[in-house]
Amino acid sequence: FTAVNRVLAAGDDAWWYTDEITVGGETFPAGAFYLETDRDVVERLAQEKGLSFVGVNDRPAGGAMQLEPVKIGLWDRYGGSMPSGWTRMILEDFEFDFDVLYPPDFDEGDLDDYDVLVFEDGAIPALEGGPAGGGFFRGRGPDPETVPDEYRQRMGSVTAETTVPEILDFVREGGAAIAIGSSANLAYHAELPVDNHLVENGEPLTREQYFTPGSVLDMKVDHASPLTHGFDDRENVLFSHSPTFSLRAGAEGQGVRRIGWYDTPNPLKSGWAWGERYLENGVGAIEADYGQGKIFLFGPKITFRAQAHGTFGFLFNGIYYGSADDSPISQD
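Residues numbered from 1 in each chain as written. Predicted model: local features only at pLDDT ≥ 70, side-chain atom pairs only at ≥ 80, totals over all residues. Heavy atoms only, no water.

### Here we look at the layout of surface pockets
The cut-off we apply is this: We place a 1 Å grid over just the protein atoms. Points where a 1.4 Å probe fits but has no way out form a cavity, open points with protein on both sides within 12 Å along at least 5 of 7 lines form a pocket, and any residue with an atom within 4 Å of a point lines it. Grid points are joined across faces, edges and corners, and a volume is the space filled by probe spheres set on the points.
Counted as a void, the largest pocket has a volume near 1400 Å³. Along its surface, the largest pocket is lined by 48 residues, and Phe28, Ala32, Phe33, Ser52 and Phe53 are the ones closest to its centre.

As C-alpha cells, this is what we get:
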C-alpha cells in the first residue's frame with residue numbers, strides 16, 4: 001500500500017487487478033498491483049520495504065481498476081478521539097493523503113475535495129429509537145470562551161439532524177464512507193436493509209445473556225468484493241462490544257452485501273465472550289451501494305490502537321475501492 005501511494009503521489013500509474021494473473025511464471029491472486037513507474041523507484045521500494053517485484057514489459061491482461069490519488073477526510077473531535085488518533089498514525093505510516101476533519105467541517109457540506117470519509121469508533125450517533133451503538137461520545141465540552149480562537153471551529157459533535165445528512169449526500173454523489181465500530185450506526189441513518197443481530201424475541205440481549213468486550217474472534221470472509229483482496233477465507237478480528245448485523249431478505253438485491261460474518265456458534269479465539277452463541281450468523285463487515293457511492297461498515301475494530309495489522313487491509317482496500325471506478329477495465 002505504501003508502494004502504491006508513493007507511485008501515485010509521484011504522478012505515475014497504478015492498477016489493481018480483480019482477476020488472477022500469471023506473469024513471469026508466477027501466479028498472483030486477485031488483488032495484485034501493477035505499478036508503471038521508474039526502475040529506481042521500484043528498487044528503492046524493494047530495499048526500503050522488503051517488497052518483491054516482478055518486472056514486465058507491458059501491463060498484463062486481465063480485469064483491473066486504474067487507481068488515482070485519493071484524498072481522505074478523517075473524522076476527529078475537539079479534544080481528540082483516541083481511535084481517530086491511532087488511525088491518523090496508520091494513514092501517515094502508509095503514506096495516505098488525508099486531512100483531519102471536525103464536525104463543523106462536515107456540517108458545512110463542503111466535502112468536494114475528498115474521495116473517502118473515514119469515521120472511527122465513536123463518531124456517528126445512534127439513530128433515535130433505533131439500535132444503540134457503544135462508544136459514542138457526546139459531552140458538553142468546555143465553554144467556547146475558554147478555548148483559543150484558532151481551535152473553536154473544531155468544537156461540536158456529529159449530529160443526526162445536520163451532520164449525518166451531509167455525509168449521506170456526499171456518498172449519494174459518488175463518495176465513499178468507511179464506518180468502524182459504533183460508527184456503523186451509519187447503516188441505520190442510511191436506512192440500509194439491516195437489523196441488530198444481537199436480539200432475542202425482538203429485544204436487545206441483556207448483559208446477563210451476552211457480553212463480549214475486547215476479544216479476538218474468527219470471521220468468515222466472502223471474496224466477492226475487492227474489500228477482501230489479500231485476505232484468507234478466515235480472519236481474526238478485534239471485537240469489543242462491536243455492532244453485529246443481520247441482513248434483511250432481499251438486501252443483496254438492494255446492493256447491500258455480506259463481506260464478513262461469524263459462521264459458527266463459538267467464534268472466540270482469544271479473550272472471552274459470554275453468550276457467544278448469539279453471534280452465529282451475525283454480520284461484521286458490509287459493503288453497500290448508496291446512490292452513486294459506497295458505504296463500508298466494519299463492526300470489529302479493524303484499526304484498534306494501530307495494532308491490528310492483519311485487518312488494516314479492510315480499511316486500505318475500502319479507500320482504494322471506494323474511490324475507484326468499480327467497473328474493472330480488461331486488457332486482452
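### Quick notes on the environment of Gln254
Counted only if it meets this: Put simply, DSSP H or I for four residues or longer makes a helix, DSSP E for two residues or longer makes a strand, and each gets a number counted from the N terminus. Only heavy atoms matter for contacts: two residues are in contact if any of them lie within 4.5 Å across the pair.
By secondary structure assignment, the location of Gln254 is in the loop between β15 (245–247) and β16 (256–262). Between the C-alpha atom of Gln254 and that of Tyr290, which follows or precedes it by 36 residues, the distance is 9.2 Å. Beyond its immediate sequence surroundings of up to four residues, Gln254 is in contact with Pro193 and Asp289.

### Some remarks on the environment of Trp272
Basically, it comes down to this: Accessible area is worked out with a 1.4 Å probe on protein chains only. A residue is then buried under 20% of its type maximum, exposed over 50%, and partly exposed in between.
Residue placement: Trp272 occurs in the loop between β17 (268–270) and β18 (282–290). Here Trp272 falls in the partly exposed class, since its relative accessible area comes to 46%. The spatial distance from the C-alpha of Trp272 to the C-alpha of Phe211 is 8.7 Å, given a sequence separation of 61 residues. Those residues in contact with Trp272, other than ones at most four positions away along the chain, are Phe211, Thr212, Pro213 and Ser215.

### What about the packing of helix α3 (residues 82–93) against helix α8 (residues 312–323)?
Rules: Angles here are taken between N-to-C directions and fall from 0 to 180 degrees, while the axes themselves are lines fitted to C-alpha atoms, restricted in helices to the stretch in contact. These descriptions rest on fixed angle ranges, namely under 35 degrees for roughly parallel, over 145 for roughly antiparallel, 65 to 115 for roughly perpendicular, and the rest for oblique. Left-handed describes a crossing whose near helix is turned anticlockwise from the far helix through less than a right angle; right-handed describes the clockwise counterpart. Polar here means any residue other than Ala, Val, Leu, Ile, Met, Phe, Trp, Tyr, Cys and Pro, which are nonpolar, and Asp, Glu, Lys and Arg, which are charged; Gly is therefore polar.
Relative orientation of the contacting elements α3 and α8 amounts to 70°, with a least axis distance of 12 Å. The angle between the axes of α3 and α8 places the two elements in the roughly perpendicular class. The interaxial crossing formed by α3 with α8 has right-handed handedness. Between α3, through Thr87, Ile90 and Leu91, and α8, the contact on the second element is made entirely by Phe312, Leu315, Phe316 and Ile319. Class assignment for the residues of the contact of α3 with α8 results in 6 nonpolar, 1 polar and no charged.

### Side note on the packing of aromatic side chains
Inclusion rule: Think of it this way: a Phe, Tyr or Trp ring, Trp meaning its six-membered ring, pairs with another when their centres are within 6.5 Å, and the plane angle makes it stacked under 30 degrees, edge-to-face over 60, tilted otherwise. Charges are assigned to positions over rings by a cutoff of 6 Å between ring centre and Lys NZ or Arg CZ, combined with an angular limit of 35 degrees from the ring normal.
Taken as a whole and judged by the stated rule, the model has 18 aromatic pairs. Both rings, one in Phe96 and one in Phe316, keep their centres 4.9 Å apart while their planes meet at 35°; by these two values the pair is tilted. Within this pair, whereas Phe96 is found in the loop between α3 and β7 (97–101), its partner Phe316 is found in helix α8, the two being separated by 220 residues in sequence. The same class applies to Phe96 and to Phe316, which are both buried. Members of the aromatic cluster, connected to one another through ring pairs, are Phe1, Trp16, Phe33, Phe94, Phe96, Phe312, Phe316 and Tyr320. For Arg258, the ring lying beneath its charged end belongs to Trp261, and the centroid distance is 3.5 Å. Directly above the ring of Tyr278 sits Arg277, whose terminal nitrogen or CZ lies 4.2 Å from the centroid.

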